[in-house]
Amino acid sequence: GTEPIFIRIQDHKTVDVFTRPDGRERRTYPYEAKCQDADFREGWREQDKAIIELRSRFLPTEDSEYLISLISRINNEQGVQSTDNGVSQVVVTKQGVTLMGSEAVKPRLTLRPFRTFREVPQPESDFILRLTETGSVGLFEADGGIWKMEAKDNIKTYFSEKLAQEIEKRAASREIVQPVLVQVN
């Protein structure tokens, strides 16, 4: 029969496959998968970069659409207006961020950035939104990292479902199949 293999989900971006120890207590590691494109990072970003990031590195949600709409309406005013009639001069300066239209900004948003393998559902988590006077947008994780456990569970579910079909197929063809064990660290 075939030797069993083990799949270990090390974290939300790394999965490896290994065998049972041989006679010298050495395992073989034939495969390792690393998620390269889950590159969301919390922190500050410029207004235009934030919009691009929300469109390309997040799954659409009600809150991501709200955030894109909000950011699109930010106007960074910096200017000087001068009126001089030859006798007196009036200078008005404007500096800072204004929101075209007045509204209360939701400080906490539920978003789904790409942070794990794209084959599995992306965990939803809460973020704190901050805006600066210069128009920078700050997104900061507010779930204490719980999303990482959900991501690992989603990877485990993915493998369990995909491998269940393969094992059934081999069992139907009467091949001897050893179990595949999926382990989450």
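Residues numbered from 1 in each chain as written. Predicted model: local features only at pLDDT ≥ 70, side-chain atom pairs only at ≥ 80, totals over all residues. Heavy atoms only, no water.

Asker: Can you help me understand the packing of aromatic side chains in this one?
Answerer: For the structure on display, the rule yields six aromatic pairs. Ring centres of Phe 6 and Phe 18 lie 5.4 Å apart, and the angle between their planes is 15°; this geometry places the pair in the stacked category. Taken together, the residues span a long stretch of sequence, with Phe 6 in strand E1 (residues 5-11) and Phe 18 in strand E2 (residues 14-19) at a distance of twelve residues. Given the relative accessible area of 5%, Phe 18 is considered buried. In textbook terms, an aromatic cluster arises when at least three aromatic residues are bridged by ring pairs, as seen for Phe 6, Phe 18 and Tyr 29. A cation over an aromatic ring shows up here: Arg 118 above the ring of Phe 114, its NZ or CZ 3.7 Å from the ring centre. (Phe/Tyr/Trp six-rings, centres within 6.5 Å; stacked < 30°, edge-to-face > 60°. Helix = DSSP H or I, 4+ residues; strand = E, 2+ residues; numbered from the N terminus. Buried < 20%, exposed > 50% of the residue type's maximum accessible area, 1.4 Å probe, protein only. Lys NZ or Arg CZ within 6 Å of the ring centre and 35° of its normal.)

Asker: Explain the layout of surface pockets to me, please; I cannot follow it from the model alone.
Answerer: Rolling a probe over the atoms, with the probe sized like a water molecule, indicates the empty space that remains. Here the largest pocket is characterised by a volume of approximately 290 Å³. Along the wall of the largest pocket there are 14 residues; nearest its centre are Ile 7, Val 15, Val 17, Ala 33 and Phe 159. Broken down by secondary-structure element, the contributors of at least two residues to the lining of the largest pocket are E1, E2, strand E3 (31-34) and helix H3 (146-172). (1 Å grid on protein atoms, 1.4 Å probe; cavity = no way out; pocket = protein on both sides within 12 Å on 5 of 7 lines; lining within 4 Å. Points joined across faces, edges and corners; volume = space filled by probe spheres on them.)

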